[in-house]
Amino acid sequence: MASTTLRAAGVVCAALIAGATAPALAAPAPPALATAAAPPAAPSPSPDPFEGLTADQIGEKAVTATQSATSLRMAGRVVSGGQPLDVDFAVNDRSECTGAIKLRGGAAELRQTSGVTYMKGDEAFWRASMTSQGLPPAQIDATIELLKGRWLKIPQGRAGTEGLSGVCDLKALLADLGKDKKDRTGLVRGPDGEVNGTPVATLVKKKTGGETTTVSVAQSGKPYILRTVKTGGGEPGSVTLSDYDKPVKVVVPPADETVDLSKLDPGTAT
(Lines give C-alpha, C1' and ligand atoms only; values in the text may rest on other atoms or scores of the structure.)
Protein backbone atom coordinates (compact mmCIF):
# COMPACT_ATOMS: atom_id res chain seq x y z
CA MET A 1 0.00 0.00 0.00
CA ALA A 2 2.77 2.45 0.89
CA SER A 3 5.10 1.30 -1.88
CA THR A 4 3.76 3.66 -4.55
CA THR A 5 4.34 6.75 -2.43
CA LEU A 6 7.78 5.64 -1.28
CA ARG A 7 8.84 4.66 -4.76
CA ALA A 8 7.80 8.11 -5.94
CA ALA A 9 9.95 9.70 -3.25
CA GLY A 10 12.92 7.56 -4.21
CA VAL A 11 12.50 8.28 -7.90
CA VAL A 12 12.27 12.01 -7.27
CA CYS A 13 15.43 11.96 -5.17
CA ALA A 14 17.30 9.89 -7.73
CA ALA A 15 16.10 12.08 -10.58
CA LEU A 16 17.19 15.19 -8.76
CA ILE A 17 20.62 13.70 -8.13
CA ALA A 18 21.07 12.48 -11.70
CA GLY A 19 19.53 15.51 -13.34
CA ALA A 20 21.84 18.09 -11.82
CA THR A 21 25.13 18.94 -13.41
CA ALA A 22 27.06 16.65 -11.17
CA PRO A 23 24.41 15.84 -8.55
CA ALA A 24 21.29 17.04 -6.91
CA LEU A 25 20.89 16.91 -3.19
CA ALA A 26 20.56 19.55 -0.44
CA ALA A 27 19.80 20.72 3.16
CA PRO A 28 16.60 21.22 5.14
CA ALA A 29 13.69 22.17 2.95
CA PRO A 30 12.85 25.85 2.77
CA PRO A 31 9.26 26.97 3.37
CA ALA A 32 9.04 27.78 -0.32
CA LEU A 33 10.98 26.78 -3.40
CA ALA A 34 14.38 28.40 -3.70
CA THR A 35 14.58 31.38 -6.01
CA ALA A 36 18.27 32.16 -5.62
CA ALA A 37 20.89 29.87 -7.09
CA ALA A 38 24.12 31.07 -5.51
CA PRO A 39 25.04 30.43 -1.86
CA PRO A 40 26.16 33.34 0.34
CA ALA A 41 29.56 34.69 -0.55
CA ALA A 42 32.37 33.57 1.72
CA PRO A 43 36.16 33.94 1.84
CA SER A 44 37.77 31.38 -0.48
CA PRO A 45 40.30 28.95 0.97
CA SER A 46 43.90 29.79 0.24
CA PRO A 47 45.18 28.12 -1.79
CA ASP A 48 42.13 27.21 -3.86
CA PRO A 49 41.87 23.38 -3.76
CA PHE A 50 40.49 23.45 -7.31
CA GLU A 51 43.08 25.78 -8.77
CA GLY A 52 43.87 24.87 -12.37
CA LEU A 53 40.73 22.72 -12.79
CA THR A 54 37.87 23.51 -15.13
CA ALA A 55 34.32 23.54 -13.81
CA ASP A 56 33.69 20.21 -15.56
CA GLN A 57 36.73 18.68 -13.85
CA ILE A 58 35.55 19.93 -10.46
CA GLY A 59 32.20 18.31 -11.19
CA GLU A 60 33.91 14.98 -11.92
CA LYS A 61 35.81 15.16 -8.62
CA ALA A 62 32.59 15.98 -6.78
CA VAL A 63 30.76 13.00 -8.27
CA THR A 64 33.60 10.62 -7.44
CA ALA A 65 33.82 11.86 -3.85
CA THR A 66 30.07 11.80 -3.27
CA GLN A 67 29.77 8.28 -4.66
CA SER A 68 32.35 7.12 -2.11
CA ALA A 69 30.20 8.18 0.86
CA THR A 70 29.16 5.48 3.33
CA SER A 71 26.23 7.56 4.60
CA LEU A 72 24.65 10.96 4.24
CA ARG A 73 21.60 13.04 4.98
CA MET A 74 19.54 14.61 2.21
CA ALA A 75 16.89 17.20 2.90
CA GLY A 76 14.99 19.60 0.72
CA ARG A 77 12.02 20.27 -1.47
CA VAL A 78 11.44 19.27 -5.07
CA VAL A 79 8.48 19.49 -7.41
CA SER A 80 7.36 16.49 -9.45
CA GLY A 81 4.23 16.38 -11.56
CA GLY A 82 3.29 19.78 -10.20
CA GLN A 83 3.30 18.49 -6.61
CA PRO A 84 5.79 19.73 -3.99
CA LEU A 85 7.62 16.96 -2.13
CA ASP A 86 9.62 17.58 1.05
CA VAL A 87 12.20 14.95 1.98
CA ASP A 88 14.56 14.59 4.94
CA PHE A 89 16.42 11.28 5.05
CA ALA A 90 19.57 9.89 6.59
CA VAL A 91 20.75 6.77 4.76
CA ASN A 92 23.80 4.50 4.80
CA ASP A 93 25.37 1.91 2.52
CA ARG A 94 23.81 -0.98 4.49
CA SER A 95 20.30 -0.15 3.26
CA GLU A 96 19.34 1.48 6.53
CA CYS A 97 17.56 4.81 6.66
CA THR A 98 15.38 7.02 8.79
CA GLY A 99 13.55 10.16 7.83
CA ALA A 100 10.35 11.82 6.77
CA ILE A 101 8.45 12.95 3.70
CA LYS A 102 5.67 15.46 3.16
CA LEU A 103 3.40 15.55 0.14
CA ARG A 104 -0.20 16.27 -0.80
CA GLY A 105 -0.77 17.93 2.55
CA GLY A 106 0.24 14.85 4.51
CA ALA A 107 3.36 13.68 6.31
CA ALA A 108 4.98 10.35 7.10
CA GLU A 109 8.02 8.97 8.91
CA LEU A 110 9.99 6.09 7.48
CA ARG A 111 12.55 3.72 8.97
CA GLN A 112 14.25 0.76 7.33
CA THR A 113 16.64 -1.75 8.86
CA SER A 114 17.39 -5.47 8.45
CA GLY A 115 15.24 -5.52 5.33
CA VAL A 116 12.11 -4.42 7.20
CA THR A 117 10.44 -1.08 6.50
CA TYR A 118 8.37 0.80 9.06
CA MET A 119 6.14 3.68 8.06
CA LYS A 120 3.95 5.98 10.14
CA GLY A 121 1.77 8.54 8.40
CA ASP A 122 -0.91 10.99 9.37
CA GLU A 123 -4.46 10.68 8.08
CA ALA A 124 -3.89 13.06 5.16
CA PHE A 125 -0.87 11.06 4.00
CA TRP A 126 -2.57 7.68 4.09
CA ARG A 127 -5.77 9.01 2.54
CA ALA A 128 -3.93 10.63 -0.37
CA SER A 129 -1.76 7.55 -0.88
CA MET A 130 -4.62 5.08 -0.92
CA THR A 131 -6.93 7.33 -2.95
CA SER A 132 -4.27 7.62 -5.64
CA GLN A 133 -4.26 3.81 -5.85
CA GLY A 134 -8.00 3.67 -6.39
CA LEU A 135 -8.97 1.96 -3.14
CA PRO A 136 -12.66 2.21 -2.16
CA PRO A 137 -13.54 4.82 0.51
CA ALA A 138 -14.74 2.20 3.01
CA GLN A 139 -11.42 0.34 2.85
CA ILE A 140 -9.49 3.60 3.17
CA ASP A 141 -11.44 4.62 6.27
CA ALA A 142 -10.97 1.21 7.91
CA THR A 143 -7.24 1.19 7.15
CA ILE A 144 -6.71 4.70 8.49
CA GLU A 145 -8.47 3.75 11.71
CA LEU A 146 -6.27 0.68 12.10
CA LEU A 147 -3.08 2.67 11.48
CA LYS A 148 -3.94 5.64 13.66
CA GLY A 149 -0.88 6.40 15.79
CA ARG A 150 0.81 3.17 14.68
CA TRP A 151 3.60 2.05 12.35
CA LEU A 152 2.96 -0.07 9.27
CA LYS A 153 5.48 -2.93 9.27
CA ILE A 154 6.46 -4.11 5.79
CA PRO A 155 8.68 -7.23 5.78
CA GLN A 156 11.12 -7.71 2.93
CA GLY A 157 9.73 -9.70 0.01
CA ARG A 158 6.06 -8.88 0.47
CA ALA A 159 4.25 -9.01 -2.84
CA GLY A 160 3.56 -5.56 -4.23
CA THR A 161 6.25 -3.81 -2.18
CA GLU A 162 9.20 -4.30 -4.54
CA GLY A 163 9.57 -0.55 -4.95
CA LEU A 164 10.60 -0.17 -1.32
CA SER A 165 13.89 -1.98 -1.87
CA GLY A 166 15.50 1.02 -3.55
CA VAL A 167 14.29 3.72 -1.19
CA CYS A 168 17.20 3.23 1.22
CA ASP A 169 19.77 1.92 -1.26
CA LEU A 170 22.50 4.57 -1.01
CA LYS A 171 24.80 2.96 -3.57
CA ALA A 172 22.05 2.70 -6.18
CA LEU A 173 20.99 6.27 -5.49
CA LEU A 174 24.50 7.65 -5.87
CA ALA A 175 25.22 5.47 -8.90
CA ASP A 176 22.83 7.69 -10.85
CA LEU A 177 25.29 10.55 -10.47
CA GLY A 178 27.60 9.04 -13.06
CA LYS A 179 25.06 7.78 -15.58
CA ASP A 180 24.91 10.66 -18.04
CA LYS A 181 28.14 12.62 -18.38
CA LYS A 182 26.42 15.09 -20.71
CA ASP A 183 24.76 16.53 -17.64
CA ARG A 184 28.20 17.33 -16.25
CA THR A 185 29.63 19.13 -19.26
CA GLY A 186 29.35 22.79 -20.09
CA LEU A 187 29.56 23.90 -16.47
CA VAL A 188 30.66 27.37 -15.44
CA ARG A 189 32.26 28.15 -12.11
CA GLY A 190 30.41 30.87 -10.25
CA PRO A 191 31.43 32.92 -7.20
CA ASP A 192 32.60 30.88 -4.22
CA GLY A 193 30.14 30.65 -1.34
CA GLU A 194 29.34 28.85 1.89
CA VAL A 195 26.96 26.07 2.91
CA ASN A 196 26.36 25.60 6.63
CA GLY A 197 29.76 27.10 7.44
CA THR A 198 31.72 25.14 4.83
CA PRO A 199 33.34 27.10 1.97
CA VAL A 200 32.15 25.87 -1.42
CA ALA A 201 32.84 26.26 -5.10
CA THR A 202 29.72 26.77 -7.17
CA LEU A 203 29.13 25.10 -10.52
CA VAL A 204 26.39 26.50 -12.73
CA LYS A 205 24.66 25.02 -15.74
CA LYS A 206 21.98 26.75 -17.76
CA LYS A 207 19.70 24.94 -20.15
CA THR A 208 17.40 26.18 -22.85
CA GLY A 209 13.98 27.00 -21.50
CA GLY A 210 15.25 28.93 -18.50
CA GLU A 211 16.33 26.04 -16.27
CA THR A 212 19.41 26.75 -14.14
CA THR A 213 21.12 24.32 -11.79
CA THR A 214 23.71 25.46 -9.25
CA VAL A 215 25.78 22.87 -7.41
CA SER A 216 27.86 23.69 -4.34
CA VAL A 217 31.01 21.58 -3.85
CA ALA A 218 32.96 21.49 -0.57
CA GLN A 219 36.34 23.22 -0.72
CA SER A 220 37.58 21.68 2.54
CA GLY A 221 37.89 17.96 3.21
CA LYS A 222 36.52 15.70 0.48
CA PRO A 223 34.89 17.59 -2.41
CA TYR A 224 31.42 16.38 -1.51
CA ILE A 225 28.34 17.87 -3.10
CA LEU A 226 26.69 19.95 -0.37
CA ARG A 227 23.79 21.63 -2.13
CA THR A 228 21.96 21.77 -5.43
CA VAL A 229 19.41 24.40 -6.37
CA LYS A 230 17.37 24.10 -9.54
CA THR A 231 15.29 27.05 -10.74
CA GLY A 232 13.09 27.42 -13.79
CA GLY A 233 11.88 24.46 -15.81
CA GLY A 234 9.10 22.12 -14.74
CA GLU A 235 10.67 20.60 -11.64
CA PRO A 236 12.46 23.25 -9.55
CA GLY A 237 13.80 22.46 -6.13
CA SER A 238 16.55 22.67 -3.55
CA VAL A 239 18.29 19.78 -1.81
CA THR A 240 21.16 19.81 0.70
CA LEU A 241 23.50 16.95 1.54
CA SER A 242 25.14 16.76 4.95
CA ASP A 243 26.31 14.37 7.68
CA TYR A 244 28.57 12.50 5.29
CA ASP A 245 29.99 9.24 6.67
CA LYS A 246 28.26 9.70 10.03
CA PRO A 247 26.42 6.81 11.75
CA VAL A 248 22.74 6.40 10.92
CA LYS A 249 20.77 5.24 13.96
CA VAL A 250 17.51 3.51 13.12
CA VAL A 251 15.18 2.85 16.05
CA VAL A 252 12.82 -0.09 15.54
CA PRO A 253 9.29 0.79 16.76
CA PRO A 254 7.91 -1.29 19.67
CA ALA A 255 5.95 -4.33 18.51
CA ASP A 256 2.77 -3.08 20.18
CA GLU A 257 2.94 0.08 18.07
CA THR A 258 3.13 -1.69 14.72
CA VAL A 259 0.64 -3.25 12.31
CA ASP A 260 1.93 -5.93 9.95
CA LEU A 261 1.15 -5.38 6.29
CA SER A 262 -0.44 -8.83 6.15
CA LYS A 263 -3.33 -7.47 8.22
CA LEU A 264 -4.08 -4.97 5.49
CA ASP A 265 -3.25 -7.08 2.46
CA PRO A 266 -2.90 -10.86 2.49
CA GLY A 267 -0.12 -10.70 -0.21
CA THR A 268 2.38 -13.50 -0.39
CA ALA A 269 6.07 -13.45 0.34
CA THR A 270 8.45 -14.07 -2.51
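Residues numbered from 1 in each chain as written. Predicted model: local features only at pLDDT ≥ 70, side-chain atom pairs only at ≥ 80, totals over all residues. Heavy atoms only, no water.

With respect to the packing of aromatic side chains
Point 1. This model, assessed by the stated rule, comprises two aromatic pairs.
Point 2. Summarising the aromatic geometry, the rings of Phe125 and Trp126 are spaced 5.3 Å apart at their centres and angled 70° between planes, so their arrangement reads as edge-to-face.
Point 3. Residue Trp126 is classed as buried on the basis of its relative accessible area of 1%.
Point 4. Arranged with centres 3.7 Å apart and planes meeting at 5°, the rings of Tyr224 and Tyr244 form a pair that is stacked. Of this pair, Tyr224 sits in the loop between strand 10 (212–218) and strand 11 (225–231) while Tyr244 sits in the loop between strand 12 (237–242) and strand 13 (258–260), placing them 20 residues apart in sequence. Note on accessibility: Tyr224 and Tyr244 belong to one class, buried. (Phe/Tyr/Trp six-rings, centres within 6.5 Å; stacked < 30°, edge-to-face > 60°. Buried < 20%, exposed > 50% of the residue type's maximum accessible area, 1.4 Å probe, protein only. Helix = DSSP H or I, 4+ residues; strand = E, 2+ residues; numbered from the N terminus.)

Regarding the nonpolar core
As a rule of thumb, nonpolar side chains are buried together in soluble globular proteins.
Point 1. Counting residues in hydrophobic clusters, the biggest one holds 50 residues, and the most contacted among them are Leu72, Ile101, Trp126 and Tyr244.
Point 2. Considering each element in turn, this core owes the most residues, five residues, to helix 2 (residues 55–67). (Core = buried A, V, L, I, M, F, W, Y, C linked by side-chain atoms within 4.5 Å.)

Focus: the pattern of salt bridges
Point 1. Summed over all chains, the structure comprises 10 salt bridges.
Point 2. Note that Glu123 is salt-bridged to Arg127, the shortest N-O span being 3.0 Å. Here Glu123 and its partner Arg127 are both found in helix 3 (residues 123–132), four residues apart, which amounts to about one turn of the helix.
Point 3. Of the charged contacts in the structure, one is a salt bridge between Asp141 and Arg127, with a shortest N-O distance of 3.1 Å. Of this pair, Asp141 sits in helix 4 (residues 137–147) while Arg127 sits in helix 3, placing them 14 residues apart in sequence. (Salt bridge = Lys/Arg side-chain N within 4 Å of Asp/Glu carboxyl O.)

Here's the deal with the environment of Glu235
Point 1. Tracing the backbone through its elements, the reader meets Glu235 in the loop between strand 11 and strand 12.
Point 2. Along the primary structure Glu235 and Pro84 are separated by 151 residues, whereas in three dimensions their C-alpha atoms are 9.1 Å apart.
Point 3. Discounting residues that sit within four places of it in the chain, Glu235 has contacts with Val79, Ser80, Gly81 and Lys230. (Contact = heavy atoms within 4.5 Å.)

Digging into helix 4
Point 1. Among all positions in helix 4, only Ile140, Thr143, Ile144 and Leu147 are buried. For helix 4, the arc enclosing every buried residue in end-on projection is 100°, short of the 170-degree limit, so these residues lie on one face. Turned more than 90 degrees away from the buried face of helix 4 sit Ala138 and Glu145, all of them exposed.
Point 2. Each element contacted by the buried residues of helix 4 is listed here: helix 3, strand 6 (151–154) and strand 13.
Point 3. Downstream of helix 4 by a residue or two, Gly149 has a phi angle that is positive, lying close to 70°. (Arc of directions from axis to C-beta.)

Concerning the state of the cysteines
Point 1. For the structure shown, the criterion picks out one disulfide.
Point 2. For Cys97, the disulfide goes to Cys168, at an S-S distance of 1.7 Å. Within this pair, whereas Cys97 is found in strand 3 (residues 97–103), its partner Cys168 is found in the loop between strand 6 and helix 5 (170–175), the two being separated by 71 residues in sequence. Comparing Cys97 with Cys168 shows no difference in burial state: the two are buried. (Disulfide = S-S within 2.5 Å.)

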